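Now for the letters of each chain:
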Amino acid sequence: MRLLLYSEFIFQSAPEAFKAFKNIGRGSGLFSAKGLVETKMMGTGSGSGFSIWPNFKRYSILSFFETEQDLEDFLKDNQDFNWYLENAHQHLLAKLIPFKGHGSWGGEVPFDYDAEVVSETDPLAVITRATINTRALLDFWRNVPKVASFMHSAPALHQVGIGEYPLFMQATFSIWENLKRLKETAYTNTPHAEVVKMTRERNWYKEELFAEFAIGGLSIKGEKFERLKALN
């Protein structure tokens, strides 16, 4: 099973934020470490986190590992990654174990899922990701504001829009108190559910992924992640 480390960093100073910005799109060239299979360095949306306009001080990194020991060694020893930890004003680190999902990312299924690792009452994280058909870009982004407004008020403990190339490769990361909260938001009669239905009817996506994760550990610093303290 490929374990995932989700990292989110918020910088105060312009030079440090610019250094992080320059690394977007570098992918697996960003870090080198034993057992590190792949890295995806991404920007985030401005405002509530779901916007076509980027937030130039907030970045996210997905790091895929072969084993838990490889992940632990990376956190302890990797100087390039620790630059982010040392220079960010606020941060979130989440160790994630994939338990349920469907779809692909870059033409491959990135996770082996294990349905036994989470129960209905456990907290969980969700990653959604899609590549938008070029012809559907205008229609897609025209519908984003109403979903963004709804998601900002949704009962997730944390959520943000992320992306390698956010105009046409859009992703989200969120953490939920439990599966019941997630299902109420995603599948009841809400703006989010309406847009999910429209993606099928209007064929917006070339490729899409929906993945749920058990949370194997959290490290947080800063007021942006205050709501996650309940899980520690």
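Residues numbered from 1 in each chain as written. Predicted model: local features only at pLDDT ≥ 70, side-chain atom pairs only at ≥ 80, totals over all residues. Heavy atoms only, no water.

Visitor: Would you take a moment to explain the sheet that holds strand E6 (residues 158-163) for this structure?
Guide: Strands belonging to one sheet form pairs held by backbone hydrogen bonds; the direction of such a pair is parallel or antiparallel. With antiparallel pairing, eight strands are arranged side by side around a closed barrel as E1-E3-E2-E6-E7-E5-E8-E4. Here the average twist between neighbouring strands, direction ignored, is 30 degrees. In this structure, strand E5 (residues 124-132) lies alongside strand E7 (residues 169-176), joined through eight bridges in antiparallel fashion. Within the sheet, the bridge partner assigned to alanine 130 lies in E7 and is glutamine 170. Along the sheet face, helix H2 (residues 68-77) touches strand E1 (3-10), strand E2 (36-45), strand E3 (54-65) and strand E4 (90-103) and points at about 25 degrees away from the line of E1. Of the strands in this sheet, E1, E2, E3 and E4 touch helix H3 (residues 79-87), which is tilted by about 40 degrees from E1. (Pairing = 2+ DSSP bridges. Helix = DSSP H or I, 4+ residues; strand = E, 2+ residues; numbered from the N terminus. Axes fitted to C-alpha atoms, helices over the stretch in contact; angles between N-to-C directions. Contact = heavy atoms within 4.5 Å.)

Visitor: Any chance you could explain a nonpolar patch on the surface here in plain terms?
Guide: Together, Phe18, Phe21 and Phe56 make up a nonpolar patch on the protein surface, roughly 320 Å² of accessible area in all. Locating phenylalanine 56 in the fold gives a position in strand E3. With relative accessibility at 48%, the residue phenylalanine 56 sits in the partly exposed group. (Patch = residues over 30% accessible without salt bridge, like charges linked within 9 Å, V, L, I, M, F, W, Y side chains within 5 Å. Areas by Shrake-Rupley, 256 points an atom, 1.4 Å probe, with all protein chains shown as cover. Salt bridge = Lys/Arg side-chain N within 4 Å of Asp/Glu carboxyl O. Buried < 20%, exposed > 50% of the residue type's maximum accessible area, 1.4 Å probe, protein only.)

Visitor: Which parts of the structure should I look at to understand the side chain of glutamate 8?
Guide: In this fold, glutamate 8 is placed in strand E1. Within the local environment of glutamate 8, its side chain forms a polar contact with the side chain of arginine 58, the two groups lying 2.7 Å apart. Discounting residues that sit within four places of it in the chain, glutamate 8 has contacts with Arg58, Tyr59, Ser60, Gln90, His91, Leu92, His158, Val160 and Phe225. (Polar contact = N/O pair within 3.5 Å; in protein donor to acceptor, adjacent residues only side chain to side chain.)

Visitor: Quick question: what am I supposed to make of the environment of glycine 106 here?
Guide: Locating glycine 106 in the fold gives a position in the loop between E4 and E5. Considered as a pair, glycine 106 and glutamate 207 are 101 residues apart in the sequence and their alpha carbons are 8.1 Å apart. Ignoring sequence-local partners within four residues, the contact set of glycine 106 consists of Arg129 and Glu207.

Visitor: Before we go on, may I ask you to explain the packing of aromatic side chains in this structure?
Guide: Two measures describe an aromatic ring pair: the distance that separates the ring centres and the angle between the ring planes. Summed over the entire model, instances satisfying the criterion amount to 17 aromatic pairs. Seen from their ring centres, phenylalanine 18 and phenylalanine 21 are 6.3 Å apart, and the 25 degrees between their planes marks the pair as stacked. Of this pair, phenylalanine 18 and phenylalanine 21 are both found in helix H1 (residues 14-22), three residues apart, which corresponds to roughly one turn of the helix. Judged by its relative accessible area of 36%, phenylalanine 21 is partly exposed. Seen in terms of ring centroids, phenylalanine 64 and phenylalanine 111 are 5.6 Å apart; in terms of plane orientation they differ by 25 degrees. Their pairing is stacked. Taken together, the positions of phenylalanine 64 in strand E3 and phenylalanine 111 in the loop between E4 and E5 put the pair 47 residues apart, joining distant regions of the chain. Using a relative accessible area of 1% as the deciding quantity, one classes phenylalanine 64 as buried. Here the aromatic cluster, defined as three or more aromatic residues joined through ring pairs, consists of Phe9, Phe11, Phe31, Tyr59, Phe65, Phe74, Phe81, Trp83 and Tyr84. Lysine 19 extends its terminal NZ or CZ atom over the ring of tryptophan 83, reaching a point 4.3 Å from the ring centre. (Phe/Tyr/Trp six-rings, centres within 6.5 Å; stacked < 30°, edge-to-face > 60°. Lys NZ or Arg CZ within 6 Å of the ring centre and 35° of its normal.)

Visitor: Help me understand the nonpolar core, please; the structure alone is not making it clear to me.
Guide: Where a protein is soluble and globular, its nonpolar side chains tend to be buried together. Among the nonpolar cores identified, the biggest contains 25 residues, and Leu4, Tyr6, Leu62, Leu92, Leu96, Phe173 and Phe213 are the most heavily contacted of them. Among the secondary structure elements, those contributing two or more residues to this core are E1, E3, E4, E5, E6, E7 and strand E8 (205-221). Per-element tally for this core: the top contributor is E8, with four residues. Core analysis: the second largest hydrophobic core is formed by 22 residues, Ala17, Leu36, Tyr59 and Phe81 among them. (Core = buried A, V, L, I, M, F, W, Y, C linked by side-chain atoms within 4.5 Å.)

Visitor: Explain the packing of H2 against H3 to me, please; I cannot follow it from the model alone.
Guide: How two helices sit against one another is set out by the angle between their axes and by the gap between those axes. H3 packs onto H2 with a crossing angle of 65 degrees between their chain directions and a minimal axis gap of 7 Å. Contact with H2, carried on its side by Phe74, Leu75, Lys76 and Asp77, involves Gln79, Phe81 and Asn82 of H3 and no other residues of that element.

Visitor: Any chance you could explain the pairing of E5 here in plain terms?
Guide: Side chains on a regular strand alternate between the two faces of the sheet. In terms of burial, E5 is largely enclosed, as eight of its nine residues are buried. With nine bridges connecting them, E5 and E8 associate as antiparallel partners. In the sheet register, isoleucine 132 faces E8, and the bridge partner there is tyrosine 205.

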